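One letter stands for each residue in the lines below.
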Amino acid sequence: MDSASHMEQLHMKDQDGSFPADSTSPESGDESIALSQSSSDIIEQPEVMVEVRKTDTMGVGLFATGKIPRGTRVLSEKAIIQMIDPVYRSELANRFCTKLARLSQDRIETLSQLHCNPQVFKGEDRPAIAKWYNENSVTDAHGQELKGKKRQESRKKTLRRFGVFITNSSGITLDGQVGRGVFTLFSRINHSCVPNARYGWNEAIQRFTVHVSRDIEPDEQIFISYLPLTYEGRAKRAEQLEANWGFECACEACRDPAREMGRVKMSILQLLLTSYEQGNTHVPRIMELDPLKNRGEALDIANQLAKLMVSEGLVTMELAKTYRTCSQLSLWLDDLDEAIEYAEKALDIERCLIGPETEHLREDDLGCQYWLEKLQGLKRSQEA
Ligand SMILES: C[S@@+](CC[C@H](N)C(=O)[O-])C[C@H]1O[C@@H](n2cnc3c(N)ncnc32)[C@H](O)[C@@H]1O
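Residues numbered from 1 in each chain as written. Predicted model: local features only at pLDDT ≥ 70, side-chain atom pairs only at ≥ 80, totals over all residues. Heavy atoms only, no water.

1. Here's the deal with the overall build of the protein
Summing up its helical and strand segments, the protein has eleven helices and ten strands in all. A fraction of 68% describes how many contacts in the protein between residues 6 or more apart in sequence connect residues 24 or more apart. With the model as given, the accessible surface of the protein reaches about 19,100 Å², and the carbon-plus-sulfur share is 50%. (Helix = DSSP H or I, 4+ residues; strand = E, 2+ residues; numbered from the N terminus. Contact = heavy atoms within 4.5 Å. Areas by Shrake-Rupley, 256 points an atom, 1.4 Å probe, with all protein chains shown as cover.)

Given below as structure tokens:
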């Protein structure tokens, strides 16, 4: 489909700055078809393990086409559009327009089909895009310069596409600088407060990857957590999701009030641990909790927290971090064997969620593998 055939489908008001509801609808009709992605965008995927399908309550989502074992890298994508983050939003919009103008037609179509959250727009977006249009000439797919109404239509589409970019872009690094990119299949993954997958930019292979955190059954939907706050209760999660993504979460944890108890307990344990790590200067007195007195008590709490996370199905990087804390505390308590056991658990989670490329985490033993190697070295020197 060329760009001209989309043109009648946009009905964005131009003068008053408002964004009518249909400005956020995809530009083409049936979302379940034509999710174009050139084969060079996905690498290291020996077989297609996932596909985009319609859901009942969350638009489209990503689903497993067969059984997927825990720790599998289900996506390894290159961005369809990416850029370094400028300081000012108007500059971001300006750069976006320039990038978009150079994008291939199939990538523009792919971008246009993605979800746009109307809440992402800011006051300066429309003027910044209008300014870019005033300063640049725009051509259609056949190289014909757009004028009058067509040019206006093109500007409206660009505004929506910028909304798509903001809605779906994720943090990456580009030549060592902070940037963001949009990834075709990743953009279709819905949120769950009990995710079964983890995403992240893989510096070593320069790809955006998604790994499943547990065994996945055929036809199961893949979910990530849009929120970093895995311990937070439902009300806080709902507030964040509404404010940043504009939806009411329909995940299994939010539909089942019984699951809240686990979260409450986890956030209390986390609070106690954090207070202890910070010298108990901010002990949350409202909860009438006694601060942790020593490393033994801290280890006990960290261990309880890790067990709770596992029993609640929260296999996240916070779990790896908690095992790492247990390992550090065990070492301080002079139990090297236990420290190694916890370090192995942390590494298992890290491998499962990130993969083996963690060389960039070598500094300060940040990566679990380097921490474990350090402990194993200590053990060898003790035995020598
Ligand atoms: C990045 S998109 C994910 C793909 C999207 N479902 C689509 O159709 O393209 C994010 C949007 O998906 C929907 N969504 C994601 N997770 C959801 C959830 N747990 N409950 C309800 N809607 C959800 C919301 O509309 C949200 O703004």
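2. Examining the sheet that holds strand E2 (residues 60–64)
Across the sheet, four strands lie side by side as E1-E2-E10-E7; this open sheet has mixed pairing. In this open sheet, the two strands that pair with only one neighbour each are strand E1 (50–54) and strand E7 (190–191). Pairing between E1 and E2: five bridges, direction antiparallel. Bridging from a neighbouring strand, Val-52 pairs with Leu-62 of E2. (Pairing = 2+ DSSP bridges.)

3. Some points on the site of the ligand
In the vicinity of the ligand there are 16 residues, among which Met-58, Val-60, Arg-188, Asn-190 and His-191 approach most closely. Between the ligand and Met-58 there is a distance of 2.5 Å, counted from a nitrogen atom to a backbone nitrogen or oxygen. One of the backbone N or O atoms of Val-60 is found 2.7 Å from a nitrogen atom in the ligand. (Near = heavy atom within 4 Å. Polar contact = N/O pair within 3.5 Å; in protein donor to acceptor, adjacent residues only side chain to side chain.)

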